[in-house]
Amino acid sequence: MKKGKAITLLSILCVLMAAALFLTFARFPIGVKNYNSILGAIQFDYDLKGGSAYTMPLAKDSEEVEDVEEVMNTIEARLDALGYKSYSVKALRTAGEDGNYDIRIETLATPSVDSDIATVMAYGTVKFFGGTTEDPTTEIMNEEKSIAGSEYISGYDADGNEIHQVSIEFTDYGYNALLDAIKEAEGTTNENGEANSYYLKIMLGDTTIMNASQITSDTLTEKTVYVNAQSESSGKQMSLQIKTGGLAYKYDMENATVYEISAPLGDKALLMVQIAVGAFIVIAMAALIAMYRGYGIIASLSMLCFTMLEIGMLVAVPNITVSMAGIVGVMLASLLAVDGMVITIKRIREELANKKTVKVSVKNGYKRAFFPILNISVVSGIVALVGFFFLKGAVQSFAITFGIGVVISFITNVLLSRMFTEVILPLVKNKEGFLGEQKKEEIE
Amino acid sequence: MKSVSSKNKIWIIITVILLAVGMTLVGVLGFNNTVDGKGSYEVNVSIDANIDDASSKVQKAAEDYFAEVGIKDRTYTRQVLNDDCIALYKFDNDVTDKLDKDKLYEKVTLAIEDSGLIVEVSINEVVPFGGVQSLWVILALGIILVAIFIYLLFMAKLSGSVAVLFTMVLSALTYIAMLGITRLPANGFAITFGLASALIAGIQSTGIIGRIKEELKNEGNSKLSYKEVADKATYHSTLRFCLFLASVLVISVLLIALGTGYLRFYGISLIVASVVSSFISYTFTAFIWTAIKNTKKDKKSKTTSTPETVEEQ
């Protein structure tokens, strides 16, 4: 690249980077509002930021709780289904007494947390009643074995009115049990000698969600039945309750206490973590410059771009809340970026040591470094993808931030650092010295 | 050039000892499940309003009382609720025999006796939720290992993929053993560090295998044995390892120095995970790769009588 063009490009890059740095980290008032920087827009999770603590006593008209761990497992499954990654669920009672346990849920204070907690604590197991009378009272099927899943569905009827439904999908066991019950009933006759009809009623706790409806073996062709919901929120709540299993005990939501709670990792955890990560980036950049001289400057600029891109992506990608595990993911991705640059400069120096020209050394160095960096990125990407799809909670948070970081570090190592090299090198007189030419067989 | 493989026996002995001791401790004592992972107790000290820094005085009085009755501050964590009006102390063991609720109430009330604020003290027994979904973790790890194995089978042949896989599994197991030895918190977050340990080992090993491939292509190495090529590749990766460990040390020291409570433990966990994974990948990658290559070479020479050479991958 010619010197003039390099100067122009470098100037543009510097201006863009300065602007990006300013937008990423600066905070200042704009009129009556405050600009809190892109970094300030990152949504941090409960373990770093604190949130809300809901304590719910058992309702007076509820049965005595026999297995409190089962209750907490259901609550946990519902919190996971609603997308909460960092939370704490506990059962507590006064020490030394044998009373019922209260449930306390500590989680991030989101705009929907109140309704989410109400959904999570919604009482009721699904029960199926079937028989030949129009109000069947015989309970059929075991809920746990019968239901494969449930989804909320919205749509429009023939008149254009919005409808809300919840699908209940049966397992093979549930479907066959229902079909057998219907066929058995159809094989009998009533007092008038007519074949009996079979009626199915579905209840969720104390609420009837599907009134007794006639159902025949001919109409039951799918493993799914549909029940109507009054609204989107009630439909989603119903679907969640059915999908995650019933909460067999009723908790008193009206007498629940709600408090703001500090971060379990410490009052200043968020600030400390931000300082630690920021200090690490600065120290890493200084170390790169100290060890690799001129290429260290290129690597540092690339690290700066990596940091800004990572922060930007954490804000731009929707529904990301960054927990401590997510911070670990960001740190590891940063280390990956540094590692890639170390691999590259080593290859470049080896090429220079073999008496190749600077242009050829840079080209070959990046070429040789490409596959090692690709392999490391793919291995890391596999871990991130599998962690995201198969694991929940803290590990999923780690997988998300780490996965984003892997992609950005690959782009940084392969494209950005190459771009900076192409732009800066033409401006340097002693290019070999700038790249820190290595003596042949020099032990590093 | 120093040879990593010359001390293979020592590395193997060290690793076996760590695994044996650590797994035994895990088997006998279990993991350190921390306050949030096992049955425990919490003390709730609340005031009805936070006037004139009453909450700080209350918390200091409570914590002084805990120290007075012999409860060390590392055995509990504190969270504050409701604008500091409630201080929640979570203990990782049964402290009801040491704590006198009435005495604690007295001490706390005395600390803010002129304020007119109402103090409440309660001690609760806590049952935490089960947490870790072991089956899903094992399934995920299995899928990760298979996927990486298949990918590296194409990129680095059988020897490379087995070496990387071996170091990942060994690193994860050694990290678990270290949890047993160091008694670091083993809550749900520990899975993240275990995964990170396996991941770091995989990354570092993949880097070494990549370097081995390049060394094999180097005509200057055509007369070297597999062991010597692997040693050379490992040695050239030394700086990467040192830089990586130094970077992790910086982050961890900052977390330990600046953080409180679990944040400090996480800093230590990060060091342990990184040191374990770096040690395993640095010492075992070349060893496993060489062993597989030599085994294949021995099988070949039994069927043909070709002289010893390093074949280009």
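In case you missed it, the structure is sitting above this.
Model, not experiment: these values are computed from the prediction. Think of each chain on its own: its residues are numbered from 1, step by step along the sequence as written. Each chain gets a letter, beginning with A, and each ligand a number, beginning with 1, in the order they are written. For this predicted model, a pLDDT threshold of at least 70 governs which residues receive local features, and a threshold of 80 or more governs which side-chain atom pairs are given and counted, while totals over whole chains, interfaces and linings are taken from all residues. Hydrogens and waters are ignored; side-chain quantities use all the structure's heavy atoms.

J.: Help me out: how do you make sense of the pattern of salt bridges in this one?
T.: Should their charged atoms come close, side chains of opposite charge can pair. One side-chain nitrogen of Lys or Arg within 4 Å of one carboxyl oxygen of Asp or Glu is enough to make a salt bridge. Across all of its chains, the model carries 21 salt bridges over all chains by this definition. Between Arg104(A) and Glu106(A) there is a salt bridge, and its shortest N-O distance comes to 3.0 Å. We note that Arg104(A), like Glu106(A), is buried. A salt bridge links Arg368(A) to Glu214(B); its shortest N-O distance comes to 2.7 Å. Placement of the pair is Arg368(A) in helix 11 (residues 358–390) and Glu214(B) in helix 5 (residues 188–217), with the two residues belonging to separate chains. In this scheme, a residue with accessible area under 20% of its type's maximum is buried, one over 50% is exposed, and one in between is partly exposed, where area comes from a 1.4 Å probe on protein chains only. The class for Arg368(A) is partly exposed, based on a relative accessible area of 25%. The way it works is that DSSP assigns letters per residue, a run of H or I at least four long becomes a helix, a run of E at least two long becomes a strand, and they are numbered from the N terminus.

J.: I would appreciate a short explanation of the sheet that holds strand 9 (residues 162–170) of chain A in the present structure.
T.: Backbone-to-backbone hydrogen bonds pair the strands of a sheet. The strands run either parallel or antiparallel. All names here are of chain A. Strands were regarded as paired on the criterion that DSSP finds at least two bridges between them. Taking strand neighbours across the sheet as the criterion, the three strands line up as 8-9-12 in an open arrangement whose pairing is antiparallel. Here the strands that pair on one side only, and so sit at the sheet edges, are strand 8 (147–156) and strand 12 (224–229). Ignoring which end each strand starts from, the neighbouring axes of this sheet average 25° apart. As paired strands, strand 8 and strand 9 are joined by nine bridges and run antiparallel to one another. Bridging from a neighbouring strand, Ser150 pairs with Ile168 of strand 9. Contacting strand 8, strand 9 and strand 12, helix 8 (residues 232–244) runs over the sheet at an angle of about 170° to strand 8. Note on geometry: axes are lines fitted to C-alpha atoms, helical ones only across the stretch in contact, with angles between N-to-C directions running from 0 to 180 degrees. By definition in these notes, contact holds between two residues if any of their heavy atoms fall within 4.5 Å.

J.: Would you mind showing me how to read a nonpolar patch on the surface here?
T.: Residues and elements named next belong to chain B. Together, Met23, Phe31, Val169, Leu173 and Ile176 make up a nonpolar patch on the protein surface, roughly 340 Å² of accessible area in all. With three residues, the single largest contributor to the nonpolar patch is helix 4 (residues 134–182). By the secondary structure assignment, Val169 is in helix 4. A relative accessible area of 34% places Val169 in the partly exposed class. Exposure above 30% relative accessible area and the lack of any salt bridge qualify a residue for a patch; like charges then connect within 9 Å, and the nonpolar side chains Val, Leu, Ile, Met, Phe, Trp and Tyr within 5 Å. What sets the accessible areas is the Shrake-Rupley method with a 1.4 Å probe; for residues, cover comes only from the shown protein chains.

J.: Is there a simple way to think about the packing of aromatic side chains in this case?
T.: Two descriptors summarise a pair of aromatic rings, namely the distance from one centre to the other and the angle between the planes of the rings. A pair of Phe, Tyr and Trp rings is counted when the ring centres sit within 6.5 Å of each other, with Trp represented by its six-membered ring. The angle between the planes then sorts it: under 30 degrees is stacked, over 60 is edge-to-face, the rest tilted. Taken as a whole, this structure holds 12 aromatic pairs over all chains when the rule is applied. Centre to centre, the rings of Phe166(B) and Phe284(B) are 6.2 Å apart; their planes meet at 50°, and the pair counts as tilted. Taken as a pair, Phe166(B) in helix 4 and Phe284(B) in helix 8 (residues 262–303) lie far apart in primary sequence, 118 residues in all. On the basis of relative accessibility, which here comes to 35%, the residue Phe166(B) falls in the partly exposed class. Classification of Phe284(B) by relative accessible area gives buried; the value is 5%. Among the aromatic residues, those joined into a ring-pair cluster are Phe370(A), Phe371(A) and Phe410(A). Stacked on the ring of Phe129(A), the Lys or Arg Lys201(A) has its end atom at 5.7 Å from the ring centre. In this scheme, Lys NZ or Arg CZ marks a charge over a ring once it lies within 6 Å of the ring centre and within 35 degrees of the ring normal.

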